[in-house]
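Chain by chain, the residues:
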Amino acid sequence: MTVRAVVRGVGHYLPERVVPNAEFEDSLDTSDEWIRARTGIEQRHFAAEGETTSDLAVHAANSALRNAGLEASEIDAIILATSTADLTFPSAATMVQSELGMANGFAFDVQAVCAGFVFALANANALIISGQANRVMVIGAETFSRIMDWNDRTTCVLFGDGAGALILEAQNGAGSTDDRGILSTDLNSDGRYRDILYVDGGVSTQSTGFLRMQGKEVFRHAVEKLAKTARTAVEKAGLTTDDIDLIVPHQANLRIIKSTTQKLGHSMDDVVVTVQNHGNTSAASIPLALSVAQGEGRTSEGDLLVTEAIGGGLAWGAVVLRW
Ligand code: UT7
């Protein structure tokens, strides 16, 4: 028998304020047409004044608990993937733990920028298969609107705020590729590329800073690395890309998603796309997309899902899981 980390529930939350592309036309030399054509984005959500990443995460966590039919006290650990934690410390995860009324277990943040949720899933899987936790809540939550330079049209039109959560639970499998749960993970980073996507502030500058990106360079790495990591993860699971039922990619740019899908030999019918409605929500984009997909009835028990993401670091990776 093999212990597997199986999805027990999923949920998400989006802040109320919806910002269509046209809203940027007043203050920037940009257009709805350019943003749609180059990114696929039509709108994004922005957090209200005073609404924090942990606030969004708590809503998503409660939504996942309801979906799973569980109480917070039945969760052993919370891993929160974010690059926009409320404060430098403590972790946003401990804030969520407290808001959920969880006096038990442990909670910590994972910071791998847009790849954060994939890294958090791999960590949760490791905790579960090593017997350190039975149920882990994995959350991706971000308020990238707080680190936008509103004068930089090359970045501020791309990102949005939101949160998604997944509850993983230890279940016994047969040790075969038919098992439900996480079947493989593939994580990578290469700090030589840290300067092509970063925030120019933090503890060392005593300021929060703004996101800076060489978009074209990041794009080039994304189209090269995402299909490769997805393929590697599928092979590690002992499967082939033909076995994939649903691709749930990081939602940064529709052109990147299309190119990766094509390289994996699949059609866009096999892909969950939410970038048009959410923009790039960094570590929140995959759990948001998973939750939307489940809500639309696109996930069935036994389906083989692949998630893949890349972001600042660069950090990138993929997870293969059977729903
Ligand atoms: O989630 C983390 C990973 N991040 C990503 O995956 C993002 C990867 N990069 C991208 O998605 C794309 O590179 C962008 C969407 C950021 C940019 O698209 P692009 O097709 O690579 O455009 P570009 O940077 O080559 O810019 C083309 C032109 C430039 O003008 P010139 O130099 O040709 O005159 C830009 O200044 O488009 C201009 N431009 C804009 N025009 C109108 C850049 N941003 C805008 C804008 N509105 N918002």
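The rules we used
Residues numbered from 1 in each chain as written. Predicted model: local features only at pLDDT ≥ 70, side-chain atom pairs only at ≥ 80, totals over all residues. Heavy atoms only, no water. Near = heavy atom within 4 Å. Polar contact = N/O pair within 3.5 Å; in protein donor to acceptor, adjacent residues only side chain to side chain. Areas by Shrake-Rupley, 256 points an atom, 1.4 Å probe, with all protein chains shown as cover. Helix = DSSP H or I, 4+ residues; strand = E, 2+ residues; numbered from the N terminus. Domains from an automatic or database assignment. Contact = heavy atoms within 4.5 Å. Buried area = accessible area lost by both parts, 1.4 Å probe. Salt bridge = Lys/Arg side-chain N within 4 Å of Asp/Glu carboxyl O. Nonpolar A, V, L, I, M, F, W, Y, C, P; charged D, E, K, R; others polar. Core = buried A, V, L, I, M, F, W, Y, C linked by side-chain atoms within 4.5 Å. Buried < 20%, exposed > 50% of the residue type's maximum accessible area, 1.4 Å probe, protein only. Pairing = 2+ DSSP bridges. Axes fitted to C-alpha atoms, helices over the stretch in contact; angles between N-to-C directions.

Draft legend 1. The site of the ligand, seen in detail. Neighbouring the ligand are 23 residues, the closest being Thr30, Arg38, Lys216, Asn253 and Asn280. The side chain of threonine 30 places a nitrogen or oxygen atom 2.7 Å from a nitrogen atom of the ligand. Within the side chain of tryptophan 34, an N or O atom sits 3.3 Å from an oxygen atom of the ligand. Alone, the ligand offers 950 Å² of accessible surface; in the complex the protein occludes 74% of this. Breaking the shell around the ligand down by element, the ones donating at least two residues are α1 (32-39), α5 (153-156), α6 (215-236) and α7 (254-263). For the shell around the ligand, the element with the most residues is α6, which contributes four residues.

Draft legend 2. Expanded view of unusual backbone geometry. The omega torsion across phenylalanine 89 and proline 90 is 5 degrees, close enough to zero to call that bond cis. With omega at -10 degrees, the peptide bond leading from glycine 313 into leucine 314 counts as cis. As for its position among the elements, leucine 314 is in the loop between β12 (304-311) and β13 (315-322). At glutamine 206, a position not held by glycine, the phi torsion is positive, near 55 degrees. The topology assignment puts glutamine 206 in the loop between β9 (197-199) and β10 (211-213). One non-glycine residue, serine 282, lies in the positive phi region at around 50 degrees. Secondary-structure assignment places serine 282 in the loop between α8 (275-278) and α9 (285-295).

Draft legend 3. Quick look at the domain arrangement of the chain. Partitioning the chain into structural domains gives domain 1 (2-173) and domain 2 (181-322). The centre of domain 1, based on its C-alpha atoms, is set 14 Å off from the matching centre of domain 2. Counting residues at the interface gives 52 residues for domain 1, matched by 48 residues for domain 2. Across the interface of domain 1 and domain 2, roughly 3800 Å² is buried in total on both sides, 66% from carbon and sulfur atoms. Broken down residue by residue, the surface that domain 1 buries against domain 2 is led by Cys114, Val118 and Ile147, which jointly contribute 16%. Across the contact surface, domain 1 and domain 2 share one salt bridge. There are 17 residue pairs in polar contact (both at pLDDT 80 or more) connecting domain 1 and domain 2. Residue assignment for the side of domain 1 that touches domain 2 shows that the elements contributing at least two residues are β1 (2-13), α1, β3 (43-46), α4 (116-129), β6 (135-143) and β7 (161-173). The element contributing the most residues to the side of domain 1 that touches domain 2 is β1, with eight residues. Split into classes, the residues belonging to the side of domain 1 that touches domain 2 amount to 28 nonpolar, 16 polar and eight charged.

Draft legend 4. Expanded view of the nonpolar core. Grouped together as the largest cluster of nonpolar side chains are 37 residues, with contacts concentrated most on Leu166, Leu168 and Leu290. A total of eight residues in this core trace back to one element, the largest contributor, which is α4. Both domains that furnish three or more residues to this core are identified here as domain 1 (2-173) and domain 2 (181-322). Not counting chain neighbours up to four residues away, the residues in contact with leucine 166 comprise Val7, Gly9, Val10, Phe117, Leu121, Val136, Met137, Val138, Leu290 and Trp323. Within the second largest apolar cluster, 27 residues are counted, among which are Ile41, Phe144, Leu158 and Val223.

Draft legend 5. Structural view of the sheet that holds β6. Taken together, five strands build an open sheet; the order of strands is β1-β7-β6-β4-β5 and the sheet is mixed. Each edge of the open sheet is held by one strand with a lone partner, namely β1 and β5 (106-110). Taking each pair of neighbouring strands and ignoring which way they run, the sheet shows an average axis angle of 20 degrees. Summarising the sheet, β1 and β7 pair through eleven bridges and their orientation is antiparallel. Its bridge partner lying in β7, valine 3 is registered against asparagine 172. Sheet contacts for α4: β1, β4 (77-81), β5, β6 and β7; angle to β6, the most-contacted strand, approximately 165 degrees.

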